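# Structure assessment
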Amino acid sequence: MQSAPSAPLLRIGTRGSPLALAQAHETRARIASFYSLDPDEIEIEVIRTSGDRIQDRPLSEAGGKGLFTKEIEEALIAGRIDLAVHSSKDMPTALPEGLELSAFLPREDVRDAFLSPVAGALRDLPQGAVLGTSSLRRRAMALRIRPDLQPVEFRGNVETRLKKLADGVAHATLLALAGLKRLGLEAHATSIIEPDDFLPACGQGAVAIETRIGDERTSGLVARINHEPTQIALRAERAFLTRLDGSCRTPIGGLATIEGGVVTFRGMVLSPDGRQSESVQLEGPVADAERLGFEAAGELIGRGGTAFFRADA
């Protein structure tokens, strides 16, 4: 008589896109390596989210970035999984009651990549070129540099967007370089846009691990693979978003960097058409990272509010 298969040591919940799975497998590999475990002892459960199902309209019209986390968090709360792995930039600033972000993997490259078969850089696109992007931030920042561009909605995973570009749906698109690198597709990037020209989304390039508050076993396990510099940077960036009430309806960029015990935070808010923008830069000790993000947002608010930055205003 065969014995029943043993229960997995941990159950990881994730979206089913190739990028999400790559992030979940990286998390599993890091846990397994640190504790000298067989990776097969850690189960990966694919959970389809509302954001994956909705492909016919912009997420800003459907409910915002929480659409990529809702069903996974419901499974976490119900105990069907032990931890959730997310792209940090997809995480709402307010988490469901009972959940917390307990660890972050080392951050990948934060920059955006420019992809085009007709131009080597964003500034070199033909007059009136079509730019495919589903990101209000990328759209606003691109229009800030090239107001003549014609943005079109570009939904789908990385591979889907690459196919749309190859099929001529747009002359160019913009993608997170981190995602391309995690998928081994960085060769598709025509050029890389530096943060000085194009601030990334808050959390871009970082992978967040979410657990239940009070589940000390799981939070203790993942704490050992936490990358503290990434966690500190995300404290500043998420505080910035929180005070600005950032969502998919608001073009916002933010980036915290750490060097020599000092955090430098840069933030920007834009009007959806890119014609108006305000930016801020603050520095302080790593212990004050969260305060820096909060104060940076307050400085922008103090300049007269942010009403004109709202796409739905």
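Thresholds, definitions, all that
- Residues numbered from 1 in each chain as written.
- Predicted model: local features only at pLDDT ≥ 70, side-chain atom pairs only at ≥ 80, totals over all residues.
- Heavy atoms only, no water.
- Helix = DSSP H or I, 4+ residues; strand = E, 2+ residues; numbered from the N terminus.
- Buried < 20%, exposed > 50% of the residue type's maximum accessible area, 1.4 Å probe, protein only.
- Contact = heavy atoms within 4.5 Å.
- Areas by Shrake-Rupley, 256 points an atom, 1.4 Å probe, with all protein chains shown as cover.
- Pairing = 2+ DSSP bridges.
- Axes fitted to C-alpha atoms, helices over the stretch in contact; angles between N-to-C directions.
- Core = buried A, V, L, I, M, F, W, Y, C linked by side-chain atoms within 4.5 Å.
- Phe/Tyr/Trp six-rings, centres within 6.5 Å; stacked < 30°, edge-to-face > 60°.
- Lys NZ or Arg CZ within 6 Å of the ring centre and 35° of its normal.
- Salt bridge = Lys/Arg side-chain N within 4 Å of Asp/Glu carboxyl O.

### A short note on the overall build of the chain
A tally of helices and strands in the chain yields 10 helices and 13 strands. Within the span of the chain, comprising 313 residues, buried residues form 51% of the whole. Restricting to contacts in the chain with at least 6 residues of sequence separation, those with at least 24 account for 68%. Within the structure as shown, the chain displays about 13,900 Å² of accessible surface, and the carbon and sulfur contribution to it stands at 48%.

### Focus on the pairing of strand β1 (residues 10-14)
Buried residues dominate β1, accounting for 4 of its 5 residues. Relative to strand β2 (residues 42-46), β1 runs parallel, the two being bridged by 5 bridges. Within β2, the position partnered with I12 by the bridge is I44. Pairing geometry for β1 and strand β3 (residues 83-87), over 2 bridges, is parallel. Looking at the pairing, G13 lines up with A84 of β3.

### What to know about the environment of I145
If you trace the backbone, I145 turns up in helix α5 (residues 136-145). When the C-alpha atoms of I145 and D197 are compared, they prove to be 8.6 Å apart, with 52 residues separating the residues in sequence. With residues near it in sequence (within four places) discarded, I145 still touches L122, R123, D197 and F198.

### Some thoughts on the sheet that holds strand β11 (residues 252-259)
Here 3 strands make up an open sheet; going across it, the order is β11-β12-β13 and the pairing antiparallel. Single-partner strands in this sheet number two, and they are β11 and β13 (277-285). Taken pair by pair, the neighbouring strands of this sheet meet at an average axis angle of 10°, ignoring direction. Across 9 bridges, strand β12 (residues 262-270) lies against β13 in antiparallel orientation. Its bridge partner lying in β13, V269 is registered against E278. Packed onto the sheet, helix α9 (residues 228-244) meets β11, β12 and β13 and runs at close to 150° relative to β11.

### Examining the nonpolar core
General note: in soluble globular proteins, nonpolar side chains tend to be found buried as a group. If you look at the biggest cluster of nonpolar residues, it comprises 21 residues, and the most contacted ones within it are F114, L122, L125, A142, L149, L174 and F198. Elements that contribute at least two residues to this core include exactly α5, β8 (172-176) and β12. Per element, the largest residue contribution to this core is 5 residues, and it comes from α5. For A142, the contacting residues outside a window of four places in its chain are L122, L131, L149, L174 and F198.

### Quick word on the packing of aromatic side chains
For the structure on display, the rule yields 2 aromatic pairs. For K164, the ring lying beneath its charged end belongs to F154, and the centroid distance is 5.5 Å. Between R243 and the ring centre of F294, over which it is positioned, the NZ or CZ distance is 4.2 Å.

### So, the pattern of salt bridges
Summed over the entire model, instances satisfying the criterion amount to 21 salt bridges. R30 serves as the salt-bridge partner of E26, at 3.1 Å between the closest nitrogen and oxygen. Taken together, the residues span about one helical turn, with E26 and R30 both in helix α1 (residues 18-34) at a distance of 4 residues. Judged by relative accessible area, which is 23%, E26 ranks as partly exposed. Looking at R30, the relative accessible area reads 34%, which means it is partly exposed. Note that D112 is salt-bridged to R137, the shortest N-O span being 3.0 Å. Of this pair, D112 sits in strand β5 (residues 112-115) while R137 sits in helix α5; the two residues are 25 residues apart in sequence, bridging distant segments of the chain. Each member of the pair, D112 as well as R137, is classed as buried.

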